[in-house]
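Chain and residue survey
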Amino acid sequence: SKYGKGDGPIVYSNVNCHGWEKTLTDCTKTNYLHFTCSDTAGVLCPDDCVEGEVRLVGGETDSEGTIEVCLNSVWGLITDAGWDQNDAHVVCRQLNLPIDGALPLLNSYYGKPDRVIHYSYILCNGNEQRI
């Protein structure tokens, strides 16, 4: 399992949720104490973002940081493969920041958030309004 193995007995089985419950304990379920399992469930909840939106995280100011981009309502990353000055210009333009002097920084300079990678080899010509 991506999020780790389970360890111990299963307390409930046949958990039946309808979508309106506030917690899993509100769902109907059956007590089931005689079974163990090592595979666990996970979930990736959508972030509160707009498709194509970009943001910078991990920098000291609002004009620097690791680039995150929203795809399918989930924030994700762009690899630095092929990342250059043209790409940096487009991100700064999209964020309404000055493009003169924009620097393309590589090698997870501002850290690598624990997020999915959405894009690799962004090949902008530098005139685009958005990534």
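Residues numbered from 1 in each chain as written. Predicted model: local features only at pLDDT ≥ 70, side-chain atom pairs only at ≥ 80, totals over all residues. Heavy atoms only, no water.

1. Description of the side chain of T66
Test applied: Only DSSP runs of H or I reaching four residues or more are called helices, and only runs of E reaching two or more are called strands; each is numbered from the N terminus. Whether a residue is buried, partly exposed or exposed follows from its accessible area with a 1.4 Å probe, protein chains only, as a fraction of its type maximum: under 20%, in between, or over 50%, in that order. Within 3.5 Å is the distance limit for a polar contact, defined as a pair of N or O atoms, with the added protein rule that one can donate a hydrogen and the other accept it, and that residues adjacent in sequence qualify only through two side-chain atoms. Two residues qualify as a contact provided that any one of their heavy atoms is within 4.5 Å of a heavy atom in the partner residue.
Position of T66 among the secondary structure elements: in strand β4 (residues 65-71). For T66, a relative accessible area of 13% corresponds to the buried category. Here the side chain of T66 touches G111 through a polar contact of 2.8 Å, landing on its backbone oxygen. Beyond its immediate sequence surroundings of up to four residues, T66 is in contact with R55, L56, V57, L77, Y110, G111 and P113.

2. Concerning the sheet that holds β4
Strands in a sheet are paired, the pairing made by backbone hydrogen bonds, and the direction either parallel or antiparallel. We apply this condition: Pairing between strands is defined by DSSP: at least two bridges between the two strands are required. Note on definitions: angles span 0 to 180 degrees between N-to-C directions of axes, and those axes are lines fitted to C-alpha atoms, for helices only across the stretch in contact.
If you trace the four strands from one edge of the open sheet to the other, you get β3-β4-β5-β6, paired in mixed fashion. The sheet is open, and its two borders are formed by β3 (54-58) and β6 (117-119), each paired with just one other strand. Pairwise comparison of adjacent strand axes, ignoring direction, gives a mean angle of 55° for this sheet.

3. Side note on the nonpolar core
Formally: Nonpolar core, defined: a set of buried Ala, Val, Leu, Ile, Met, Phe, Trp, Tyr and Cys residues in which side-chain atoms within 4.5 Å join the residues together.
Core analysis: the largest hydrophobic core is formed by nine residues, namely V54, I67, V69, I78, W83, V90, V91, I122 and C124. Contributing elements (two or more residues each) for this core: β4 and α1 (85-94). Once residues within four sequence positions are removed from consideration, V90 is found in contact with C124, G126, E128, Q129, R130 and I131.

4. Quick look at the state of the cysteines
Put simply, the test is: Cysteine sulfur atoms are paired as a disulfide whenever they come within 2.5 Å of each other.
Enumeration over the complete set of coordinates arrives at two disulfides. Two residues, C17 and C27, share a disulfide whose sulfurs are 1.9 Å apart. Its torsion about the S-S bond being 105°, the disulfide of C17 and C27 is classed as right-handed. Here C17 is found in the loop between β1 (12-16) and β2 (28-31), whereas its partner C27 is found in the loop between β1 and β2, with 10 residues between them in sequence. Overall, C17 belongs to the partly exposed group, its relative accessible area being 35%. Between the sulfur of C49 and that of C70 lies a disulfide, 2.2 Å long from S to S. One disulfide, between C49 and C70, carries an S-S torsion of 65° and so falls in the right-handed class. On the criterion of sequence distance, the pair formed by C49 in the loop between β2 and β3 and C70 in strand β4 is long-range, its members being 21 residues apart. With a relative accessible area of 1%, C70 lands in the buried category. Here the disulfide map of the protein reads 1-2, 3-4, the bonded cysteines being numbered as they appear in the sequence.

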